[in-house]
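Coordinates in review
Chain by chain, the residues run as shown.
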Amino acid sequence: MNTTTTVGRRTVVASGATGLGVATVAGTSTPAIAAARHRVFQHGVASGDPLPHAVLIWTRVTPTRSAKPGSGKGPRAEVRWEVARDRRFRKVVRRGRFVTSASRDHTVKLDVTGLAPESWYYYRFSYGGQRSRVGRTRTAPAPEATPDHLRFGVVSCSNWQAGYFSAYRHLAARDDLHAVLHLGDYLYEYPAGEYGAGSDQIVRRHQPAGEIVTLADYRQRHAQYKTDPDLQDLHAKAPFVTIWDDHETTNDSWRDGAENHTPGSGPGGEGGWPRRRARAHRAYDEWMPVRLDGTARLGDGTRLYRRLTFGRLAELSMLDLRTYRDEQVLVPGVDPAVSDPDRTITGRQQMDWLKKSLARDRAQWKLVGTSVMITPVTFAALPNDLIGPISDVTGLLPRDGLPYNVDQWDGYTDDRRELFTHIRDRGIKDTVFLTGDIHSGWACDLPYDRGAYPLASETAGVEFVCTSVTSNNLKDIIGAPPRTASLAVEGAIRTANPHIKYLDFDSHGYSVLDVTPARAQMDWYVIGSRTDRRTGATWSRSFATRAGTNKVVAVDGPVNG
């Protein structure tokens, strides 16, 4: 079987005629490096977007000291790669060479094909007499397979300046994950010293020092995050499936702009929005183990939404809710534009694609990875002194306390109505939305009619929301001890919204989603102090949705084994 990977204008052809894929590149050569005086592989290894017969593998090389991320310096480098059945690489099944250069920030990303479904593999890279660490990855089950379960780590909102990535460390210590879902805000665009832990603590400073705007800036920020040892360990342990939210570009982004973007070329101007977004997307494509427009190639498009299947058990639709959306309304709860059918959060093409995904009869569970909450949320009266902090953490409340979070589906209610109507009209069951963004843990039913719930209790599915890895939650903003001031807020929200079964405004950590034919279960784990690099993690709560019910129920303990 032949595979083709494009690197700039050159083509790497991996031939599997003998069962070993050997890649050659015309007109290239590797610089002779007898003994490197610096580490070549400084940013770890990663894999992602597993298919039944293919998976992406990634690394970044630093061929010379001057070839720093974003520098535009350094020679072309021919990197060798191997994929094996065993960690000691005695059973190599694919190997080849990949040429990289400063034009792609010396990143290496390729689609390894011809693999067996539902199988573990090991991979590594070599250059200049050095080898990378060994990564482990796994392919998806075959299309007609019926796996007894799937298990994913679930994370979002990892702000470097707000703490250490201990959640990643604890996930990396597990041996039972088939993949990791990162649901957005993998990195943050803010300058050094801004938006740390709570109101004023910067645990570790961003590089570059300013807000990232240029392509070099975005490359450097990606590189900094990938020096984190806990993130490196998790990437090396299991394949990632990622989506972006806003901070991979800049805060509260939409189709034609963003809250944290100042257009113009004059003093304080950050240039045109299309150029800034294109730079952010280019760096994301270079530095993340993800297929854009369905390929590992660079420059062939920026379509991030995609569909991954895991046999007959589950199909995962990953959404892009930033690139195609209309601008958020200015007056939540008052502006009727929140329900304007001409406004969209998905864009027409993506909405049609999502509806088709949910209607497909290929897999039992319809999992939807989404960066912002789809659950409808309204509010009872809350103390005035808490309205500001809640809004700062979640975006749920404007300063006047009106009820909509216009950055999520509550600001685009016609899209939600269209999607829920589609689910009801076609009798679709077992739909589970998996969400990040809001720095808190939630388990919710998705009622067709929120006002009639629970008497008219039909639901379109359920939503599980993971906490943040480090980004500020309610207790961090108001400076209160955990599980004190937040309890009254959580109680008021749940009273006004009985379809919300679980809410935790205080915790940082990660979640684990386990899917079987009988149920889909989310377990929430919380870390101790995010400012303590060695902090522990404990199980907090578990909720599940049983097959055919489209509702969540509490579970006594986490999945094991």
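Look up a bit, the structure's there.
Everything numeric here is computed off the predicted structure, so don't read it as measured data. Along each chain, residues carry numbers from 1 onward, in the same order as the chain's sequence is written. For this predicted model, a pLDDT threshold of at least 70 governs which residues receive local features, and a threshold of 80 or more governs which side-chain atom pairs are given and counted, while totals over whole chains, interfaces and linings are taken from all residues. Processing note: side-chain calculations cover all non-hydrogen atoms of the structure and skip hydrogens and water entirely.

Quick look at empty space enclosed by the protein
- Using protein atoms alone on a 1 Å grid, points that fit a 1.4 Å probe yet trap it form a cavity, whereas open point sets bounded by protein on both sides within 12 Å along at least five of seven lines form a pocket; residues with an atom within 4 Å of a point count as lining. Grid points are joined across faces, edges and corners, and a volume is the space filled by probe spheres set on the points. Inspection of the entire model under this criterion finds two cavities of 30 Å³ or more.
- Looking at the second largest cavity, its volume works out to about 50 Å³.
- Around the second largest cavity sit Trp-244, Asp-245, Thr-249, Ser-253, Trp-254, Trp-273, Arg-277, His-281, Arg-322 and Thr-323, which together line it.
- Ranked by the residues each element gives to the lining of the second largest cavity, the list is headed by helix H4 (residues 273–287), at three residues.
- When its residues are assigned to classes, the lining of the second largest cavity shows three nonpolar, four polar and three charged. Put simply, DSSP marks the helices as runs of H or I at least four residues long and the strands as runs of E at least two long, and each gets a number from the N terminus on. Three residue categories are used. Nonpolar comprises Ala, Val, Leu, Ile, Met, Phe, Trp, Tyr, Cys and Pro, charged comprises Asp, Glu, Lys and Arg, and polar comprises the others, including Gly.

Section: the packing of aromatic side chains
- When two rings of Phe, Tyr or Trp (its six-membered ring) have centres within 6.5 Å they constitute a pair, described as stacked for plane angles under 30 degrees, edge-to-face for angles over 60, and tilted for the intermediate range. Taken as a whole and assessed by the stated rule, the structure comprises 20 aromatic pairs.
- Pairing Tyr-123 with Phe-125 gives two aromatic rings, centres 6.2 Å apart and planes at 80°, and the pair type is edge-to-face. Of the two residues examined, Tyr-123 and Phe-125, each falls in the buried class.
- With centroids separated by 6.2 Å and ring planes inclined at 80°, the aromatic side chains of Trp-160 and Phe-165 adopt a geometry described as edge-to-face.
- Working definition: with a 1.4 Å probe on protein chains only, accessible area under 20% of the residue-type maximum means buried, over 50% means exposed, and in between means partly exposed. Relative accessible area serves as the criterion here: at 9%, Trp-160 is assigned to the buried category.
- One aromatic cluster in this structure is built from Trp-160, Phe-165, Tyr-168 and Tyr-225.
- Distance and angle both matter: a charge sits over a ring if NZ of Lys or CZ of Arg is within 6 Å of the ring centre and within 35 degrees of the ring normal. Sitting above the plane of the Phe-89 ring, Arg-124 keeps its charged end 3.9 Å from the centroid.
- Above the plane of the ring of Trp-58 lies Lys-226, whose end atom (NZ or CZ) is 5.2 Å from the centre.

A short note on the environment of Val-180
- Looking at the secondary structure, you find Val-180 in strand E13 (residues 179–182).
- Linking Val-180 and Pro-239, residues 59 residues apart in sequence, is a C-alpha distance of 6.3 Å.

Let's talk about the packing of helix H5 (residues 348–359) against helix H7 (residues 413–425)
- Between H5 and H7, the shortest axis-to-axis distance is 10 Å and the interhelical angle comes to 25°. Comparing the axis directions of H5 and H7 gives the class roughly parallel. For the crossing formed where H5 meets H7, the hand is right-handed. Between H5, through Arg-348, Met-351, Leu-354, Lys-355, Leu-358 and Ala-359, and H7, the contact on the second element is made entirely by Asp-415, Glu-418, Leu-419, His-422 and Ile-423.
- The class makeup of the residues in the contact of H5 with H7 is six nonpolar, one polar and four charged. Every axis corresponds to a line fitted to the C-alpha atoms, with the helix fit spanning only the stretch in contact, and the corresponding angles, defined between N-to-C directions, vary from 0 to 180 degrees. Put simply, angles under 35 degrees are roughly parallel, angles over 145 are roughly antiparallel, angles from 65 to 115 are roughly perpendicular, and the rest are oblique. Put simply, a crossing is left-handed when the front helix is turned counterclockwise from the back one by less than a right angle, and right-handed when it is turned clockwise. In what follows, residue pairs with any heavy atoms lying within 4.5 Å of each other are defined as contacts.

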